[in-house]
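Survey of secondary and tertiary structure
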Amino acid sequence: MSHLSLPASGHRPARAQTLIDSHKRTIQYLRLSLTSACHMRCVYCRPDFHHNTADDLLTPIELENIVRHLVQDHGLRKVRLTGGDPTARGDLENIITRLARIDGIDDLAMTTNGLSLATRARAYADAGLMRVNLSLDSLDSAQFARMTGIDGLKCVLAGIEAAHDANLTPIKLNTVVLRGENEEQIPGLVRYASECDAAIRFIELMPMGPLASQWAERYVPASEVRARLDEIVTSWEPLPRGSDSAENFRAVLDDGRSVTIGFITPMSCNFCSACNRVRITSDGSLYPCLMDRPSGSLLAALRPRFDAELFDTILSEGLARKASEHPAQGFVTMTVIGG
Ligand code: SAM
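The shown structure was predicted, so the numbers you read here are calculated from the model rather than taken from an experiment. (Residues numbered from 1 in each chain as written. Predicted model: local features only at pLDDT ≥ 70, side-chain atom pairs only at ≥ 80, totals over all residues. Heavy atoms only, no water.)

1. Quick look at helix H4 (residues 141–148)
- Within H4, the full set of buried residues consists of Gln-143, Phe-144, Met-147 and Thr-148. All buried residues of H4 lie within an arc of 115 degrees about the axis, which places them on one face of the element. Those residues of H4 that are exposed and angled more than 90 degrees off the buried face are Ala-142 and Arg-146.
- Its buried side turned inward, H4 meets helix H5 (153–165) and strand S7 (172–176).
- For H4, the capping residue at the N-terminal end is Asp-140, with a side-chain oxygen 3.1 Å from the backbone nitrogen of Ala-142. (Buried < 20%, exposed > 50% of the residue type's maximum accessible area, 1.4 Å probe, protein only. Helix = DSSP H or I, 4+ residues; strand = E, 2+ residues; numbered from the N terminus. Arc of directions from axis to C-beta. Contact = heavy atoms within 4.5 Å. Polar contact = N/O pair within 3.5 Å; in protein donor to acceptor, adjacent residues only side chain to side chain.)

Here's what the structure looks like:
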């Protein structure tokens, strides 16, 4: 049983009712996938031509209703916009503006491929976005193009600079390491992060999406990434973890610079016991876990108007089904659910 007790019909709870799942984890973080469309075709994430049509997408008002309810009535503190790529939506600034005006959000962040940041970072920040995470798998243009399907490295690097200038900080770079592809990039990416004052996190390949069937051959454990970094890191200071998906270190490099390096280890050492997340996709599906099936659709609670009681019933059922650990294999590609 979830510890979300339902409000009596027609009543708003007098104060926030914390969301607690059936394994006693407190849920305070929503990952909101705004679209499954993305400009990139990353080798490990490429959608099977699954793109939302405009009719499928939750509208800015529906998204605001969801977040306002979760923040005001259930103590949600963090929202991350993801996808696909959130920037594939023409109404992204409207969405950010609506979410940013909700009192009580400590962290309103976005995960993006970075392609639009060079021109749009300032606008996103002005709309109320607090910070960005960017995917960056290689600093080699040809390899970047091979891994993402787009010749966009320069554009992404300009985007990182623009995000910095617009104070969308701290910036976190996300790198998926693939065996036989970008392992050689690991030290260079860390040096780059230290130079541009960003944190970098290495994400273990998960068996979902187009490389799921080759997972065993392409997966590089975080322990191997860390061992490779011992070439350039002279000291590792562990940072407090909390419910962060990454195990973070403040690392001093052999050139005297320091940088935060994180390891996201869903495969070698899962962090499910500290999971504080729930996910909603752009078609209104509720995913209690990144790698599990959706528990249901929230659409009936969103259309034609927001129904808080029904929303809570569907949410409560979802939290009751949130598994103690993620399944061994994902059910959808990351473009649908958002990373
Ligand atoms: N388009 C945005 C981006 O590029 O960051 C946000 C969505 S993307 C699905 C979010 C994160 O998921 C990215 O950092 C990506 O590298 C990661 N990702 C996608 N598929 C993955 C997989 N099979 N294993 C591990 N990470 C994956």
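Moving on, there is more to tell.
2. A look at the sheet that holds strand S13 (residues 285–287)
- Spatial ordering of the open sheet is given by S9-S10-S11-S8-S7-S6-S5-S4-S3-S12-S13-S14, a layout of 12 strands whose pairing is mixed. What marks the edges here is a single partner per strand, and that holds for strand S9 (233–238) and strand S14 (296–297).
- Pairing geometry for strand S3 (residues 29–33) and strand S4 (residues 78–82), over 5 bridges, is parallel. Its bridge partner lying in S4, Ser-33 is registered against Thr-82. (Pairing = 2+ DSSP bridges.)

3. What about the environment of Phe-144?
- Along the chain, the position of Phe-144 falls in helix H4.
- Put simply, Phe-144 and Cys-42 are 102 residues apart on the chain and 9.3 Å apart in space, counted from C-alpha to C-alpha.
- Those residues within four positions of Phe-144 in sequence are excluded, and the remaining contacts are Met-40, Leu-136, Ser-138, Gly-149, Ile-150, Gly-152, Leu-153 and Val-156.

4. A look at the pattern of salt bridges
- Applying the stated criterion across every chain yields a total of 15 salt bridges.
- Between Glu-64 and Arg-68 there is a salt bridge whose closest N-O contact spans 2.7 Å. With a gap of 4 residues between them, Glu-64 and Arg-68 both fall in helix H1 (residues 60–74), about one helical turn apart.
- Overall, Arg-68 belongs to the partly exposed group, its relative accessible area being 26%.
- Arg-179 is paired through a salt bridge with Glu-183; the nearest N and O atoms lie 3.4 Å apart.
- You can call Arg-179 partly exposed: its relative accessible area is 27%.
- On the accessibility criterion, Glu-183 (12% relative accessible area) is buried. (Salt bridge = Lys/Arg side-chain N within 4 Å of Asp/Glu carboxyl O.)

5. Some remarks on H1
- With 15 residues, H1 extends 20 Å between its outermost C-alpha atoms, agreeing within 8% with the 21 Å of an ideal straight helix rising 1.5 Å per residue.
- Here H1 lies mainly inside the structure; 11 of its 15 residues are buried.
- Every buried residue belonging to H1 is among Pro-60, Glu-62, Leu-63, Glu-64, Ile-66, Val-67, His-69, Leu-70, Val-71, Asp-73 and His-74, and all of these are buried.
- Directly beyond the C-terminal end of H1, a positive phi value near 70 degrees is found at Gly-75. (Expected span 1.5 Å × (residues − 1).)

6. What about the side chain of Arg-131?
- With respect to the secondary-structure elements, Arg-131 resides in strand S6 (residues 131–135).
- A polar contact is formed between the side chain of Arg-131 and the side chain of Asp-107, at a distance of 2.8 Å.
- If we skip the residues at most four places from it in the chain, Arg-131 touches Arg-80, Asp-107, Leu-108, Ala-109, Met-110, Leu-168, Thr-169, Pro-170 and Lys-172.

7. Section: the pairing of strand S11 (residues 258–264)
- Counted residue by residue, S11 has 6 buried out of 7 residues, so it is predominantly covered.
- Relative to S11, strand S8 (residues 199–203) is paired through 4 bridges, and the arrangement is parallel. Following the sheet pairing, Ile-200 is matched in S11 by Ile-261.
- What sits between strand S10 (residues 246–253) and S11 in their antiparallel hairpin is a turn of 4 residues, with Gly-256 showing a positive phi close to 90 degrees.

8. Here's the deal with the side chain of Ser-116
- Inspection of the secondary structure puts Ser-116 in the loop between strand S5 (107–112) and helix H3 (117–127).
- Classification of Ser-116 by relative accessible area gives buried; the value is 16%.
- Side chain to side chain, Ser-116 and Tyr-124 meet in a polar contact 3.1 Å long.
- Not counting the four nearest positions on each side in its chain, Ser-116 is found in contact with Thr-87, Ala-121 and Tyr-124.

9. Quick notes on the site of the ligand
- Around the ligand, the surrounding shell holds 19 residues, and the nearest of these are Gly-84, Asp-85, Thr-111, Ser-135 and Met-206.
- Here a nitrogen atom of the ligand sits 2.8 Å away from a polar atom, N or O, in the main chain of Gly-84.
- The separation between a nitrogen atom of the ligand and a polar side-chain atom of Asp-85 is 2.7 Å.
- Notes on the ligand: free accessible area 550 Å², of which the protein chains cover 95%.
- Of all the elements in the fold, those that place two or more residues in the shell around the ligand are S5 and S7.
- For the shell around the ligand, the per-class residue count stands at 8 nonpolar, 9 polar and 2 charged. (Near = heavy atom within 4 Å. Areas by Shrake-Rupley, 256 points an atom, 1.4 Å probe, with all protein chains shown as cover. Nonpolar A, V, L, I, M, F, W, Y, C, P; charged D, E, K, R; others polar.)

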